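# A look at the structure
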There are 2 protein chains.
Amino acid sequence: METCKVDTALEILMGKWKHRILFELTKNDVMRFNELKRAIPGITQKMLTAQLRELEHHDIVIRKVYAQIPPKVEYSMTEYGKSLHPLLDAMHEWGSKHAIHLKELEANESLKEHNA
Amino acid sequence: METCKVDTALEILMGKWKHRILFELTKNDVMRFNELKRAIPGITQKMLTAQLRELEHHDIVIRKVYAQIPPKVEYSMTEYGKSLHPLLDAMHEWGSKHAIHLKELEANESLKEHNA
DNA sequence: CCGCATCCCCTGCGATACTG
DNA sequence: CAGTATCGCAGGGGATGCGG
């Protein structure tokens, strides 16, 4: 195998909010629209809808509509989407360690500036 | 731990070419500028430079300059950057499987269109 | 409650040309 | 060989308002 398939994985995560949505859906198995919106500070309705649609289109997330008033829509990960869990966990773990590393870097840089 | 650190990991990979660069640098331990450029079809000099600079700034990649004419610059991953290897592998592996899943999805959709 | 439509801005990226 | 400098555009994404 020669070609790089990392981008194929990244395509799924691409977009400013997709990973946050997935992160929430790994913590809570099933969530309603506004529940997600509240859980993700800063996201707009437009973006939440758009990103969810893309995830749905990629068969990562499933959308369940209850025909009632007021409307009720539930989102959850598909069985296939759940195959992303280990990956998300790994990224989360690496990210946590990197956050620490970042602080060290910043500390060093402010030292340099201080000495300059 | 409550906050999502997946984005911290994604920040490293963000940008159209970063993952490709890292992918090459996992295959070949150390590469020269033009060697990378040749290995990554479609990338421009500007982008290659920019992305390398960011990776360098994040302490993922190291840049070694030889003071000679013609110039010679070598890029390689830092020890710290190598901690990304397992993650990149995992993404590559998931991506490979997903590429197959994608074909099934497309097949289903063309079926739907055909029946419509 | 859930979502679509519209407008607009900003930046990521490409193309191209120039230097030590 | 290994970069910088400049220009320009497409589209991702924010703000806002309407609709079932």
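None of the values given here were measured: they were computed from a predicted structure.

Parameters and conventions
- Residues numbered from 1 in each chain as written.
- Chains lettered and ligands numbered in written order.
- Predicted model: local features only at pLDDT ≥ 70, side-chain atom pairs only at ≥ 80, totals over all residues.
- Heavy atoms only, no water.
- Helix = DSSP H or I, 4+ residues; strand = E, 2+ residues; numbered from the N terminus.
- Buried < 20%, exposed > 50% of the residue type's maximum accessible area, 1.4 Å probe, protein only.
- Contact = heavy atoms within 4.5 Å.
- Polar contact = N/O pair within 3.5 Å; in protein donor to acceptor, adjacent residues only side chain to side chain.
- Salt bridge = Lys/Arg side-chain N within 4 Å of Asp/Glu carboxyl O.
- Near = heavy atom within 4 Å.
- Nonpolar A, V, L, I, M, F, W, Y, C, P; charged D, E, K, R; others polar.
- Buried area = accessible area lost by both parts, 1.4 Å probe.
- Core = buried A, V, L, I, M, F, W, Y, C linked by side-chain atoms within 4.5 Å.
- Pairing = 2+ DSSP bridges.
- Axes fitted to C-alpha atoms, helices over the stretch in contact; angles between N-to-C directions.

Once that is clear, we can look at the environment of Leu88 of chain A. Position of Leu88 of chain A among the secondary structure elements: in helix H5 (residues 85–115). Given a relative accessible area of 5%, Leu88 of chain A falls into the buried group. Along the sequence, Leu88 of chain A and His19 of chain A sit 69 residues apart, while their C-alpha atoms lie 8.2 Å from each other. Ignoring any residue separated from it by four or fewer positions in sequence, one finds Leu88 of chain A in contact with Leu13, Leu22 and Thr26 of chain A together with Val6 of chain B.

Before going further, it helps to examine the side chain of His92 of chain B. Assignment of secondary structure puts His92 of chain B in helix H5 (residues 85–115). From its side chain, His92 of chain B meets the backbone nitrogen of Lys5 of chain A in a polar contact 3.0 Å long.

What follows covers the pattern of salt bridges. Residue and element names in this part refer to chain B. Taken as a whole and assessed by the stated rule, the structure comprises 12 salt bridges over all chains. The partner of Glu54 in a salt bridge is Lys18, with the nearest N and O atoms 2.9 Å apart. Taken together, the positions of Glu54 in helix H4 (residues 45–57) and Lys18 in helix H2 (residues 18–27) put the pair 36 residues apart, joining distant regions of the chain. Here Glu54 falls in the partly exposed class, since its relative accessible area comes to 37%. Judged by relative accessible area, Lys18 falls into the buried class, the value being 1%. The partner of Glu93 in a salt bridge is Lys97, and the shortest N-O contact between them spans 3.9 Å.

What follows covers the protein's contact with DNA strand C. Phe33, Gln45, Thr49 and Arg63 of chain A together with Lys46 of chain B are the nearest of the 19 residues found near DNA strand C. The sugar-phosphate backbone supplies 65% of the atoms of DNA strand C found within 4 Å of the protein. Interatomic distance of 2.7 Å between a side-chain N/O atom of Gln45 of chain A and a base nitrogen of DNA strand C. Elements with a contribution of two residues or more to the surface near DNA strand C: helix H3 (33–39), helix H4 (45–57) and strand E3 (72–77) of chain A together with H4 of chain B. Counting residues per element, the surface near DNA strand C draws most heavily on H4 of chain A, at 4 residues. For the surface near DNA strand C, the per-class residue count stands at 8 nonpolar, 5 polar and 6 charged.

Let us look at the interface of chain B and chain A. Taken together, the 37 residues of chain B in the interface contact 37 residues of chain A. Summed over both partners, the interface of chain B with chain A comes to about 3,400 Å²; 72% of that surface belongs to carbon and sulfur atoms. Along the contact surface separating chain B from chain A lie 0 salt bridges. Scanning the region where chain B abuts chain A turns up 8 residue pairs in polar contact (both at pLDDT 80 or more). Counting residues per element, the ones that place at least two in the side of chain B that touches chain A are helix H1 (6–13), H2 and H5 of chain B. Per-element tally for the side of chain B that touches chain A: the top contributor is H5 of chain B, with 14 residues.

Counting buried positions along H2 of chain B yields 8 of 10 residues, so the element is predominantly enclosed. Residues Lys18, His19, Arg20, Ile21, Leu22, Phe23, Glu24 and Leu25 of chain B constitute the buried set of H2 of chain B.

This part is about the nonpolar core. Judged by nonpolar contacts, the single largest core of 60 residues is most densely connected at Leu22 and Ile60 of chain A together with Leu22 and Ile60 of chain B. When residues no more than four places from it in sequence are discounted, the contact partners of Leu22 of chain B are Leu13, Leu55, Ile60, Val61, Met77, Leu84 and Leu88 of chain B.

Bringing the sheet that holds E3 of chain A into the picture now. Residues and elements named next belong to chain A. Across the sheet, which stays open at both edges, the 3 strands sit in the order E1-E3-E2 with antiparallel pairing between neighbours. Each end of this open sheet is capped by a strand with a single partner; those strands are strand E1 (30–32) and strand E2 (61–66). If you compare each strand with its neighbour and ignore which way they point, the axes differ by 25 degrees on average. Where E2 and E3 come together, 6 bridges link them in antiparallel fashion.

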